[in-house]
Structures are given as C-alpha cells and as structure tokens.
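A closer look at the structure
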Amino acid sequence: MRAAHRFRCADLPLLSNFLSPPFLRCPVWSSASQLTYVSTRKFAVKQVRGQKKEQKKLKANKQEVEIRQGMTAAALAAAMNKDFDHVLEALLNTAVDLDLLEPDSVLEEKWIKEVVTRSGMKFRWAKLSESREKPNKDCQKELPTGEKITFLDTPGHAAFSSMRARGAHATDIVILVVAADDGVMTQTIESIQHAKTAKVPIIVAVNKCDRPQADPARVKRELLAHGVICEELGGDVQAVHISALKGENLSALTEATVALAEVLELKAEPGGAVEGLVIESRTDRGRGPVTTAIVQRGTLRRGCVLVAGRCWAKVRFLFDENSCTVMEAGPGAAVEVVGWKELPSAGELILEVESEQRAREVVEWRSHEEEQEKLQEDHSAIQLKQQRHLEEYQRQREELAHLSWRQRKAALYRANKTRFSIRPSEHADSDELRLPLVIKGDVDGSVEAVLNILEGYDAQHQCQLEVVHFGIGDVSENDINMAEAFGGSIYGFNVKASRSVQNLAAKKGVALHLHTIIYKLMEQLREELSSKLPPCVSETVIGEASVLAIFDVSVGKKKVLVAGCRVQKGSLDRRLKFRLIRGRDTLWEGSLSTLKQHKDDVQTVKTGMECGLSADAVVDFRPGDVIVCYEEKEVMQITSWDPGF
C-alpha cells in the first residue's frame, strides 16, 4: 500500500503513460512486478529529460558569430576567435580547394555558414549600418558664456572698398583692425567712414602687438583725428591689444564684443518671415548658383522660397562655414544657400515669400520696374541731347544771321564736311589702339572690385579699353570664343581654366591671364595696354661742340661751307644725328657729310679736340653756334593710366 501511495503521489505525471492504449494491452502483473516496472520507467524518463535539458543548454550557450558578405578566411577566423587552420579543418571534405585557400581569400556565403555550423556555432548577419553614439570630438571656438559670434572678414586692399561698405551695413558691430606698427592707413580711414555712414559701433583691435616696433598708444592718438576716441583717452570705444599670429588676447576681443552687444541689447526675432542679406555670390560647378547670406530675421530652413533682387530660389541645401549641411539657420548665422534659379548680386536684400508662384510674380514685377526706369533714363538722355543740339543749332544760326541764305548754306556745308571727314590713317590706327576685355572672378565681389578699378581708366586717348563681357566662375570655352570674336584678352581673378580651355586659348591666340593677387592682375593689364601703344623715340645727347670759325673748302668745282669746332662735352660721332642751335632756336637737324681732324676723315672726336665738319644740306654756320650730337632710340611707351596702387 505504501508503494501504491508513492506511485500516485510522486509519479503522477507517469500515470497517463500507463493508461495509454499500448500499456492497456500489457498483461496483468503482480504488485511486486508492477512496482519494479514503474521504478525502471521512472528512471528512464528522468534520464531522457536531463539529456534534452542539457542539449537545450548547450544550444543556448553556442557562440554567435557575426558574418557578412565577402568575408575573407582570416576575417571569419577572427570573428570566431579561431586561427586560420581552424577554418581549413572545418572545410575538409568539401568542394573547396584547400590548396588554393589563403588567409585573404574571399569565401562564398554557403562556405561561411558551413564553417560556422561545423564549428558548433551559430551565425547572424551583420547590420548594414549601426547608429553608434560617438562622443563629439569636434573643435569649435566656443565662448564661456555660450554666445556665438559671426565674423564677416573683408579684405583690406584698396580695390575692395565696395565690399567693406557692404560689410559695414550688414553687421551689428564693426571691429576695426589696425596694425600696431603701421598705424592708421588710408583703408583704416575709409573703414571708419563706412562704419559712421552705416551708424554701427566700433571696437578697435590693435593687431601685431607682439612686434618690437609696435606702438598701440600711437594708434589710439592717430584715431583721435578721425573721431574714434578710445576708453583710455576718455571716449567710449573699446580697444583690445591682440596678436593674430600668436593668438594672444583673442578671448578678450570676443568678450568685448559680447559685452557691447549686451549693452546695445542687440536682439532679433527668430520667428516670422526670413529677412537676410547676400554677402557674396558665386557659381559652383556641382551646386549651381550659390550665395553666402546672413540671416537678419526669422529662421531660414530647407524648402523656404526666397527673393533677392530679380532672382528667386527654393532652398535645397544649407551649408555652414565648415561646408557641413544644416537644416536651419537663425538670426546672425551666415550660411551658403543652394537653390537659386539665377545668381543675385552681392548686397541684395533677401525676403521670404509664401510660394514659388509669388516669387515669380515679385521677380517679374521688379524686372518690369527696372525696364521702366531704364526707359525713363534713356528718354531723359535723349531729351538732354536734343536740347543741346537745338541750342547748338540756334547758336550757329545767330553766328550766320548776317549772311545771305546762299552764304549761310555754303558755310553750313563746309562745317558739316569738316565735321564728318575722317582721315584714313587715323581710322586705320584706331583698331590697333583698342583692348577689349573679358573679366571673370570667383565671386560677385571680386568682379565688382575689378570693374570698379577699370571705371577709373583715364587713358582712352592712348588706347581704348572696353569690357565686352564679365561673369562669375571659371574660364569657359564661351569666354575664349567671345574674346576671339572681339580680338581681346581674358583676365581672371581667383578662377581657374581647365587644360582643354587653355589649349583652346593657345590655339585661337587668345591671351589668358589668371591671377590670385589683384595688384598683379592690374600690373599685367598695364603692361598689355603699354604694349598696344606705338613706341616713342627717346633722344640721348652724346656730345656738344661750339663753332669757332667758318671756312670755304673747294671740293672739285663745288665750294663747301665747313665749320671749325671744338668739342665741349662728350664726343661727336659721324654716324649719329646732329642739330644746330643758335640762341634758343633750332636751325637745322640732319647728318654730317664730313668730319675731319687734321685733314683726316674720322668717325669720332672726343672732348677738348678741334675738328672741321660739314652738313648734308646747305647750313648757315656762324661763330658761337652750338652743334649737338644726339642718338635716337625707339622705346616702349608706357600707359599714363594709374590704377591707384
């Protein structure tokens, strides 16, 4: 009874097995036999269950190997924490030729799985991309207070005056950089005027303070004459001594900028429609028209529709100062904007509109307004010209009022004939003394600077200078063709020309000049202008002689007048030209027929020696006359145009 009770309580799960149909067909045993069978069955079931649990445990503890397409044998071995020989052993008795297998051999997908499986491991595919959090190790200029400052750097060369003026109007604070050794320069005074015109406060940064000859106090005294009074002298303008080369005291400059911004309460509204300013514009080969813009109000985002001048854009990309894409830019941020249909000019105001249709309407209206203004200007110019013509006609009528109509008609005919007659020689020379130009620059401001310099060209009487085309971007084949058509030259500033474009220019004989320094570009332009001018004759005095006496010498049946002279300066050379001067008048210029010394023909006579000479023409020599021997040489004429630097 105790055994039966044990069966019912302890081995209750086995009861269903004994009651199943196979066991119902077994013979009836005694109680002792029944207990023996039950105990044996119980042990066997427990052993099978233990093996299954152990197999599950082993399966759960299998090493997981991360595999991917195109794995080499060495990479697979490293992923399995095995060596290369293990991979060879796993591929035994397979279709893989082990003699050709090397550690850098690429395995097929099925053999990668086979090696992992035969090694008692399980595999999983590597993810294509994993978003792993990496610490931000980027380097930025970061202020302790967390503020951000946008600096717009403008060149200090005299040619970029317009760029500095735009910079003063685009910024909230002007940092006036003055060299401690040079002091206040012309560009410094000009920048002060730009800041005053734009009504923008100034912070003085006295640079190059690390140099031995630096004198910051002198700089501050010189600024007094231009209305910039530093705090040390009782004014309200901050002055910070820095060294840009060594990076000294730059943090103090940024702190001064932030402090002034807080005092002035410089704030902008990040919401609402975007307003900004085009700082610079250029054409990028991969991006198309690109502008550098500073946001003054609102937040600029991708997809915004903008209008600037007679151009519009739907923003496709925004790039920061490190050429990294950004999703938006708030007030004070400078970004590159991609998506313009045409290239706006630097200095144009940027406004956001609600749709592309609205942008087209604005551009069409502005184009119409500009055309109307141009027509009005042309009309005014025509009226002014007509008024001047009428006044000239009335003046001529008054001058001829006393003549009869026949005399008046004859006088007008002679005047018109003289006015419209052109000498053939002048017409022929006009084509030679002409230089058409094609100007290319990297950005709009560069082209503007070059054109502003060329506007001051004042040597049209020597050589006509004409800009037939200007544009932004690298020199193209169209530029070469245009320069060839006009017979001109190409000048590029901060741009490049591909090898094919250079070869085309050489083939067509087009002069191609590329420069990165503006004053060198202007120097070469002056040289080309000078080469267009005809050479001028340079006269060099070789010697002077005074006439002492006059003799008549018979040469055959002809009498020749001979002047007896003494050389006072230099020497007389028979091969050169001579001039007879009496008082202040020049009576003769020409060559000598004879030059003798002691009855011998000579080529030269030196200082202090006496000689006799006769001219190649009839000349009235008199005692006291001066005979000058001079040499003429053709030298290249230099243009009178001075670009100002």
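Residues numbered from 1 in each chain as written. Predicted model: local features only at pLDDT ≥ 70, side-chain atom pairs only at ≥ 80, totals over all residues. Heavy atoms only, no water.

**So, a nonpolar patch on the surface**
A cluster of nonpolar residues, L224, I229 and L233, forms a patch on the protein surface that exposes about 230 Å² of accessible area. In this fold, I229 is placed in the loop between α10 (216-224) and β5 (239-241). (Patch = residues over 30% accessible without salt bridge, like charges linked within 9 Å, V, L, I, M, F, W, Y side chains within 5 Å. Areas by Shrake-Rupley, 256 points an atom, 1.4 Å probe, with all protein chains shown as cover. Salt bridge = Lys/Arg side-chain N within 4 Å of Asp/Glu carboxyl O. Helix = DSSP H or I, 4+ residues; strand = E, 2+ residues; numbered from the N terminus.)

**Quick word on the pairing of strand β17 (residues 512-515)**
Every second residue of β17 is oriented toward a common face, the buried set being H513 and H515 and the non-buried set L512 and L514. Direction of pairing for strand β16 (residues 489-493) relative to β17: parallel, over a ladder of four bridges. Bridged to I490 within β17 is L512. Note on the crossover from β16 through helix α17 (residues 499-508) to β17: the handedness is right-handed. (Buried < 20%, exposed > 50% of the residue type's maximum accessible area, 1.4 Å probe, protein only. Pairing = 2+ DSSP bridges. Right-handed = clockwise from strand over helix to strand, strands pointing away.)

**Concerning helix α15 (residues 444-455)**
The terminal C-alpha atoms of α15, which comprises twelve residues, lie 16 Å apart, in line with the 16 Å expected from a rise of 1.5 Å per residue. Counting buried positions over the twelve residues of α15 gives nine, a clear majority of the element. Buried within α15 are the following residues: D444, G445, S446, V447, A449, V450, L451, I453 and L454. Turning to α15, the residues buried within the fold contact α8 (161-170), β6 (275-284), β14 (434-441), β15 (464-472), β16 and α18 (518-532). (Expected span 1.5 Å × (residues − 1). Contact = heavy atoms within 4.5 Å.)

**Brief notes about the nonpolar core**
Ranked by internal contacts, the top residues of the largest apolar core, which has 25 residues, are L437, L454, I518, L525, L529 and W641. At the level of secondary structure, the elements contributing two or more residues to this core comprise β14, α15, β16 and α18. For this core, the leading source of residues is α15, giving six residues. Of the domains in this structure, domain 2 (139-264) and domain 3 (434-533) are the two that each give at least three residues to this core. (Core = buried A, V, L, I, M, F, W, Y, C linked by side-chain atoms within 4.5 Å. Domains from an automatic or database assignment.)

**Concerning the pattern of salt bridges**
Pairing of side chains with opposite charge becomes possible as their charged atoms draw close. Using the criterion set out here, one finds 30 salt bridges in the structure. Between R218 and E222 there is a salt bridge, and its shortest N-O distance comes to 2.8 Å. Pair noted here: R218 and E222 are both in helix α10, with a separation of four residues, about one helical turn. Judged by relative accessible area, R218 falls into the partly exposed class, the value being 24%. Judged by relative accessible area, E222 falls into the partly exposed class, the value being 26%. Among the charged side chains, a network of salt bridges with common partners joins R282, D284, R287 and E336.

**What to know about the sheet that holds strand β9 (residues 305-308)**
In spatial order, the strands read β6-β7-β12-β10-β9-β13; together these six strands close into a barrel with antiparallel pairing. Each strand of the sheet is rotated relative to its neighbour by a mean of 50°, with strand direction disregarded. Here β9 pairs with strand β10 (residues 311-319) via four bridges, running antiparallel. Its bridge partner lying in β10, V307 is registered against W312. (Axes fitted to C-alpha atoms, helices over the stretch in contact; angles between N-to-C directions.)

**Quick look at the side chain of S243**
Within the secondary structure, S243 is located in the loop between β5 and α11 (250-264). There is a polar contact of 3.1 Å between the side chain of S243 and the side chain of D210. Within polar-contact distance, the side chain of S243 engages the backbone nitrogen of K246 at 3.4 Å. Not counting the four nearest positions on each side in its chain, S243 is found in contact with N207, K208, D210 and E248. (Polar contact = N/O pair within 3.5 Å; in protein donor to acceptor, adjacent residues only side chain to side chain.)

**Topic: the packing of aromatic side chains**
In total, this model carries three aromatic pairs according to the counting rule given. For the pair F317 and F319, a centre-to-centre distance of 6.2 Å together with 40° between the ring planes defines the contact as tilted. The exposure class assigned to F319 is buried, which follows from its relative accessible area of 10%. Between Y457 and W641 the ring centres are 5.3 Å apart and the planes differ by 65°, which places this aromatic pair in the edge-to-face class. Of this pair, Y457 sits in the loop between α15 and β15 while W641 is found in the segment after β26 (626-635), placing the two residues 184 residues apart along the sequence. Each member of the pair, Y457 together with W641, is buried. A cation over an aromatic ring shows up here: R287 above the ring of F319, its NZ or CZ 3.9 Å from the ring centre. Above the plane of the ring of Y630 lies R579, whose end atom (NZ or CZ) is 4.1 Å from the centre. (Phe/Tyr/Trp six-rings, centres within 6.5 Å; stacked < 30°, edge-to-face > 60°. Lys NZ or Arg CZ within 6 Å of the ring centre and 35° of its normal.)

**Remarks on the confidence of the model for the chain**
Of all residues in the chain, 84% have pLDDT values of 70 or greater, and the mean over the chain is 83. When the criterion is pLDDT under 50, residues 1-46 qualifies, and its contacts beyond four places in sequence or with other chains add up to 20 contacts. Confidence over residues 417-431 falls short of pLDDT 50; this stretch has two contacts with residues more than four positions distant or in other chains. (pLDDT = per-residue confidence, 0-100.)

**A few points about the sheet that holds β17**
Pairing within the open sheet is parallel, and its four strands lie in the order β15-β14-β16-β17. This sheet does not close on itself; its edge strands, each paired only once, are β15 and β17. Going across the sheet, the axis of each strand differs from the next one's by a mean of 20°, ignoring polarity. The sheet contact formed by β14 and β15 spans eight bridges and is parallel. If you follow K440 over to β15, its bridge partner there is G471. In the packing of helix α16 (residues 477-486) onto the sheet, contacts are made with β14, β15 and β16, and the angle to β14 comes to roughly 170°. Relative to the sheet, α18 contacts β14, β15, β16 and β17, its axis offset from that of β16 by approximately 170°.

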